[in-house]
Amino acid sequence: MLATGPATRAQQPEMPVAATRLALQLTTAETLPAAPLKEARRTLAQARQRFNRGLPTGDKLFVTATLLDDAANRVPQLVQVQSWQDGRVSGRLVSTGRPEGNNREEFDEADIVDWMILHPDDSEEGNYVGKFLDLEDRLGSLSGPR
């Protein structure tokens with residue numbers, strides 16, 4: 001039994017905290033803010049180019065895309081990108097409840113609304129929507145009851 005434990009863990013890598021936090025924010029957000037969406041779309045081509053040239057070891061690219069859920073509603077989902085070719089993106093859904101074998105997604109680049117490159121030291125680039133939602137949460141906690 002001990003021999004299979006590490007191999008199993010290696011097949012299912014842990015999600016970075018920033019990605020997990022963003023996935024949770026997306027499930028609770030009623031609407032996505034326009035200004036961060038615009039900046040994310042403006043810089044998306046740069047993220048695609050960097051990914052396709054090859055990110056440094058340990059860096060991971062995540063995108064937020066509006067995808068169909070089980071009820072055929074378009075909802076923002078966080079996906080760890082595994083390939084991006086000819087306007088099609090495929091990757092692993094960072095989800096809150098799908099089984100490991102059922103978390104692959106493939107979609108058009110046009111469905112992407114934001115992107116985030118996570119570095120091994122937990123710093124990030126992009127994530128315009130997530131940073132905005134974090135700021136909104138912090139400001140909301142300041143204006144609460146006294």
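Here, every reference points to the structure presented above.
Here we summarise the structure given alongside this text. (Residues numbered from 1 in each chain as written. Predicted model: local features only at pLDDT ≥ 70, side-chain atom pairs only at ≥ 80, totals over all residues. Heavy atoms only, no water.)

**A word on the overall build of the chain**
Part 1 of the argument: Assigned secondary structure in the chain consists of four helices and six strands.
Part 2 of the argument: Starting at the N terminus, the α and β elements of the chain follow one another as α-α-α-β-β-β-β-β-β-α.
Part 3 of the argument: Buried residues in the chain amount to 36% of all 146 residues.
Part 4 of the argument: Relative to all contacts within the chain whose residues are 6 or more apart in sequence, the contacts with residues 24 or more apart total 55%.
Part 5 of the argument: By element, 52% of the accessible surface of the chain is carried by carbon and sulfur atoms, the whole surface being about 9100 Å². (Helix = DSSP H or I, 4+ residues; strand = E, 2+ residues; numbered from the N terminus. Buried < 20%, exposed > 50% of the residue type's maximum accessible area, 1.4 Å probe, protein only. Contact = heavy atoms within 4.5 Å. Areas by Shrake-Rupley, 256 points an atom, 1.4 Å probe, with all protein chains shown as cover.)

**Details of the pairing of strand β1 (residues 60-68)**
Part 1 of the argument: The pairing of β1 with strand β5 (residues 112-118) spans six bridges and is antiparallel. Within β5, the residue paired with Phe62 across the bridge is Met116.
Part 2 of the argument: Strand direction decides the pairing type here: β1 and strand β2 (residues 74-85), joined by seven bridges, are antiparallel. Counted as the bridge partner of Leu67 is Val75 from β2.
Part 3 of the argument: Once β1 ends, the chain turns through five residues before running back antiparallel as β2, passing Ala72 with a positive phi of about 65°. (Pairing = 2+ DSSP bridges.)

**Description of the side chain of Asn127**
Part 1 of the argument: One can find Asn127 in the loop between β6 (124-126) and α4 (128-142).
Part 2 of the argument: A distance of 2.8 Å separates the side chain of Asn127 from the side chain of Glu124, its partner in a polar contact.
Part 3 of the argument: In contact with Asn127, not counting residues within four places along its chain, are Leu22, Asp114, Trp115 and Met116. (Polar contact = N/O pair within 3.5 Å; in protein donor to acceptor, adjacent residues only side chain to side chain.)

**A look at the pattern of salt bridges**
Part 1 of the argument: Under the defined criterion, the tally for this structure stands at six salt bridges.
Part 2 of the argument: For Glu39, the salt bridge goes to Arg42, with nearest N and O atoms at 2.6 Å. Linking Glu39 with Arg42, this pair stays in helix α3 (residues 34-53), spanning three residues, or about one helical turn.
Part 3 of the argument: Arg42 sits in the exposed class, given a relative accessible area of 55%.
Part 4 of the argument: Members of the salt-bridge network, linked through shared partners, are Arg88, Glu106 and Asp108. (Salt bridge = Lys/Arg side-chain N within 4 Å of Asp/Glu carboxyl O.)

**Things to note about the nonpolar core**
Part 1 of the argument: Of all hydrophobic cores here, the largest spans 16 residues; its most connected members are Leu61, Val63, Val81, Trp84, Phe107, Ile112 and Trp115.
Part 2 of the argument: Of all the secondary-structure elements, those providing two or more residues to this core are α3, β1, β2, β3 (88-94) and β5.
Part 3 of the argument: No other element matches the four residues that β1 contributes to this core.
Part 4 of the argument: Look past the residues within four positions of Val81 in its chain and what remains in contact with it is Phe51, Leu61, Val63, Val89, Ser90 and Gly91.
Part 5 of the argument: Among the nonpolar cores identified, the runner-up in size contains ten residues, and Ala18, Leu22, Phe62 and Met116 belong to it. (Core = buried A, V, L, I, M, F, W, Y, C linked by side-chain atoms within 4.5 Å.)

**Digging into the sheet that holds strand β4 (residues 104-108)**
Part 1 of the argument: Reading across the sheet, the six strands line up as β4-β3-β2-β1-β5-β6 and stay open at both edges, with antiparallel pairing between neighbours. Only two strands of the sheet have a single partner each, and these edge strands are β4 and β6. Adjacent strand axes in the sheet meet at a mean angle of 40° when their direction is disregarded.
Part 2 of the argument: Across the sheet, α3 lies against β1, β2, β5 and β6, angled at about 50° from β5, the strand it touches most.
Part 3 of the argument: Against the sheet, α4 contacts β5 and β6, and its axis sits at roughly 85° relative to β5. (Axes fitted to C-alpha atoms, helices over the stretch in contact; angles between N-to-C directions.)

**A look at a nonpolar patch on the surface**
Part 1 of the argument: A surface patch of nonpolar side chains, amounting to about 300 Å² of accessible area, comprises Leu135, Leu139 and Leu142.
Part 2 of the argument: You can see Leu142 is positioned in helix α4.
Part 3 of the argument: By relative accessible area, which is 60% here, Leu142 ends up exposed. (Patch = residues over 30% accessible without salt bridge, like charges linked within 9 Å, V, L, I, M, F, W, Y side chains within 5 Å.)

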